[in-house]
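# A closer look at the structure
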Amino acid sequence: MIRDDNYWGQADSMWGKLPVPKYISHPIFKDNAAATTAFQNGDIDVAQIFITDLQKLWLEQDLPISTYVDEAPYQLCMTMPTLFFNTEVEGLDQVAVRKAIAMAVDYDQVISSAMSGQSPTFADVPRSVMNPTDAEQAMVDQDALKEYQWSNADVEGAKKLLDDAGIVDTDGDGIREYNGKNLSYKAECPTGWSDWNATLEIVAAAGKNIGINIETYFPEAANYSTDYSTGNFEITMQSGPGTSVANPYMRCRFFMSSDYNDLEVNFSGNFGHYQNDRVDEILAAIPHETDDAKLKDYYTELSKIMLEDCPCVPLMYRPQVFHEVNESVWTNYPQKDDGTNVPPMDCTDGYGVAALYNLELIDG
């Protein structure tokens, strides 16, 4: 993109000047590893990629790289990458199977290894329909949800849940059966998304620990998109709405609204075709409700339903976008509490464009 020097941003009522850079280019790389190498080499100024142990870039390699927040998790975590179960698949149509998988996952390992610590834990911020920001957490009653939460990697609890439901291994092959068929599923996300790939490997290991065979499947992104949008999957991973004036409402629709169930192609949410009349009733009521206490009750009830029925399971908290900068060419990028109030949106989205007016060339 080339700067339009007639842009209204230079009006006195706006910034009174033009954005500092004249050009913005957007290179695309085949995977996180290739993009990370380019970023380290200074070929990228602002990166929207997951980088494992990114703090090592400045602590150990002494590179001029920084993030919006100086300390872990280094970003503002506002989205929740989520596991969706296809509730029309035999076995996964059973609450006990879905919840057992959810209970058995080692989320601490997801955050410590797959995310390399770049997320609060669910001990820090218990799971609900809310992201971990203070504004959203104030809209749900976590005390009322305590009895519905499960402990991390609760393998024994998951096994008991399945045993009590009569879903057991009858032929001794190590895999439980339902209606005479082994519980065996594919869990998919795009190839090259290293943190998501690692996360699904942890989910697969959880399945093995409780007698459910889960194999990972990492297709090209285009094939993955076709699969989740047409319901051609068993278990998939998808990330929903972050922070906006429409959330958390749109995120709740993304998790559980049946409005999407009759779509032939669905990119909007509830990819597993979960159906719950009470959920739909609450979602219909929220836009007309102005009482904060009642809204809190609604969002708490939606969280309870999600935790009980497990149509989907948030796996981690994550930035709306990653925002890492290499200051070998440009400096004065936005940072938390720097007084500018510019959000970490890669200098190109929403009020993040304001960053373009503050940049400075290292060499003047």
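Our structure is the block above this text.
Criteria and thresholds
Residue numbers restart at each chain and count upward from 1, following the sequence in its written direction. Local features in this predicted model are restricted to residues whose pLDDT is 70 or higher, and side-chain atom pairs enter the listing and the counts only when it is 80 or higher, whereas totals over whole chains, interfaces and linings include all residues. Side-chain measures here rest on the full set of heavy atoms in the structure, leaving out hydrogens and waters. Any two strands are treated as partners once DSSP identifies two or more bridges connecting them. Counting from the N terminus, the helices are the DSSP runs of H or I reaching at least four residues and the strands are the DSSP runs of E reaching at least two. Note on method: axes are straight lines fitted to C-alpha atoms, helices fitted across the in-contact stretch only, with angles between N-to-C directions ranging 0 to 180 degrees. We call two residues in contact whenever any of their non-hydrogen atoms come within 4.5 Å of each other. Here the word oblique covers every angle except those under 35 degrees (roughly parallel), over 145 (roughly antiparallel) and from 65 to 115 (roughly perpendicular). Crossings are assigned a handedness: left-handed for a near helix turned anticlockwise from the far helix by less than a right angle, right-handed for a clockwise turn. Residues are grouped as follows: Ala, Val, Leu, Ile, Met, Phe, Trp, Tyr, Cys and Pro are nonpolar; Asp, Glu, Lys and Arg are charged; every other residue, Gly included, is polar. Side-chain atoms within 4.5 Å link the members of a nonpolar core, which is a set of buried Ala, Val, Leu, Ile, Met, Phe, Trp, Tyr and Cys residues. The buried label goes to any residue with under 20% of its type's maximum accessible area, the exposed label to any with over 50%, and the partly exposed label to all in between, with areas taken from a 1.4 Å probe on protein chains only. Should a side-chain nitrogen of Lys or Arg be within 4 Å of a carboxyl oxygen of Asp or Glu, the pair is scored as a salt bridge. When two rings of Phe, Tyr or Trp (its six-membered ring) have centres within 6.5 Å they constitute a pair, described as stacked for plane angles under 30 degrees, edge-to-face for angles over 60, and tilted for the intermediate range. In the analysis that follows, any N or O atom pair within 3.5 Å is treated as a polar contact, provided that within protein one partner can donate a hydrogen and the other can accept it, and provided that, for residues neighboring in sequence, both atoms belong to side chains. With a 1 Å grid laid over protein atoms only, a set of points is called a cavity when a 1.4 Å probe fits there but cannot get out and a pocket when it is open yet has protein on both sides within 12 Å along at least five of seven lines; lining residues have an atom within 4 Å of a point. Grid points are joined across faces, edges and corners, and a volume is the space filled by probe spheres set on the points. Here the arc refers to the directions that run from the helix axis out to each C-beta atom.

## Concerning the sheet that holds strand β4 (residues 82–85)
Spatially, the five strands line up as an open sheet ordered β8-β7-β9-β4-β10, and their pairing is mixed. Two strands lie at the open edges of the sheet, namely β8 (213–217) and β10 (312–314), each paired on one side alone. Strand-to-strand twist of the sheet, defined as the mean angle between neighbouring strand axes without regard to direction, takes the value 25 degrees. The strands touched by helix α8 (residues 194–209) within the sheet are β4, β7 (184–188), β8 and β9 (235–238), with β8 carrying the most contacts at an inclination of about 165 degrees.

## Quick look at the packing of helix α11 (residues 277–285) against helix α12 (residues 292–309)
Two elements in contact, α11 and α12, have axes separated by 10 Å at closest approach and are oriented at 155 degrees. Relative to α12, α11 is oriented roughly antiparallel. As for the relative orientation of α11 and α12, their crossing is left-handed in sense. Residues Arg278, Val279, Ile282, Leu283 and Ala285 of α11 pack against Tyr298, Glu301, Leu302 and Ile305 of α12. Broken down by class, the residue content of the contact of α11 with α12 amounts to seven nonpolar, no polar and two charged.

## Section: the nonpolar core
Ile101, Ile210, Ile212, Phe255 and Leu302 are the most contacted members of the largest nonpolar core, which has 77 residues in total. Other than its neighbours up to four places away in sequence, Ile212 contacts Val97, Ile101, Leu162, Leu183, Tyr185 and Gly207.

## Here's the deal with the pattern of salt bridges
Here the idea is simple: oppositely charged side chains can pair when their charged atoms come close. In this structure the tally under the stated criterion is twelve salt bridges. Residue Lys56 is joined to Asp53 by a salt bridge in which the shortest nitrogen-to-oxygen separation is 3.6 Å. Judged by relative accessible area, Asp53 falls into the partly exposed class, the value being 25%. Put simply, Glu90 and Lys181 hold a salt bridge, and the shortest N to O gap is 3.6 Å. Of this pair, Glu90 sits in the loop between β4 and α3 (95–104) while Lys181 sits in strand β6 (residues 181–182), and the two are 91 residues apart along the sequence.

## Some details on the packing of aromatic side chains
Inspection of every chain in the model, using the stated rule, returns 16 aromatic pairs. Both rings, one in Tyr228 and one in Phe271, keep their centres 4.9 Å apart while their planes meet at 70 degrees; by these two values the pair is edge-to-face. Placement of the pair is Tyr228 in helix α9 (residues 221–230) and Phe271 in the loop between α10 (249–256) and α11, with a sequence separation of 43 residues. Looking at Phe271, the relative accessible area reads 2%, which means it is buried. Three or more aromatic residues joined by ring pairs make a cluster, and in this case those are Phe84, Trp193, Trp196, Tyr224, Tyr228, Phe254, Phe255, Phe267 and Phe271.

## Regarding the environment of Asp93
Mapped onto the elements, Asp93 comes out in the loop between β4 and α3. Counting along the chain gives 181 residues from Asp93 to Tyr274, while the straight-line C-alpha distance between them is 8.9 Å. Beyond its immediate sequence surroundings of up to four residues, Asp93 is in contact with Thr87, Arg98 and Tyr178. A polar atom in the side chain of Asp93 sits 3.0 Å from the backbone nitrogen of Gly91. A polar contact is formed between the side chain of Asp93 and the side chain of Gln94, at a distance of 3.3 Å.

## A few points about the layout of surface pockets
Here the idea is plain: a probe the size of a water molecule rolls over the atoms and shows the empty space left. Size it by volume and the largest pocket reaches roughly 1,400 Å³. Forming the walls of the largest pocket are 44 residues, and the residues nearest its centre are His26, Ala47, Gln48, Ile49 and Asp346. For the lining of the largest pocket, the elements supplying multiple residues, two or more each, are α1 (32–40), β1 (46–47), α8 and β11 (318–319). Grouping the amino acids of the lining of the largest pocket by side-chain chemistry returns 24 nonpolar, twelve polar and eight charged. The volume enclosed by the second largest pocket comes to roughly 300 Å³. What lines the second largest pocket is a set of 16 residues, and nearest its centre among them are Met1, Arg3, Pro19, Ile24 and Leu356. Among the residues forming the lining of the second largest pocket, the class breakdown is twelve nonpolar, one polar and three charged.

## Some details on the packing of α3 against α12
The geometry of α3 relative to α12 is characterised by a closest axis approach of 8 Å and an angle of 95 degrees between their N-to-C directions. Considering their axes alone, α3 and α12 lie roughly perpendicular with respect to each other. Contact residues: Val95, Arg98 and Lys99 in α3; Leu307, Glu308 and Asp309 in α12. Class assignment for the residues of the contact of α3 with α12 results in two nonpolar, no polar and four charged.

## Some details on the side chain of Ser258
With respect to the element layout, Ser258 can be found in the loop between α10 and α11. Residue Ser258 is classed as buried on the basis of its relative accessible area, which comes to 14%. For Ser258, the side chain forms a polar contact with the side chain of Asp280, separated by 2.5 Å. Ignoring any residue separated from it by four or fewer positions in sequence, one finds Ser258 in contact with Asn270, Tyr274, Gln275 and Asp280.

## Notes on α1
Taken together, the buried positions of α1 are occupied by Asn32, Ala35, Thr36, Ala38 and Phe39. Considered in projection along α1, the buried side chains sweep an arc of 160 degrees and stay on one side of the axis. Contact partners of the buried residues in α1: β1, α2 (56–59), β2 (65–67), α8 and β12 (324–326). Its side-chain oxygen placed 3.3 Å from the backbone nitrogen of Ala33, Asp31 serves as the N-cap of α1. The positive-phi residue at the C-terminal boundary of α1 is Gly42, with phi of around 85 degrees.

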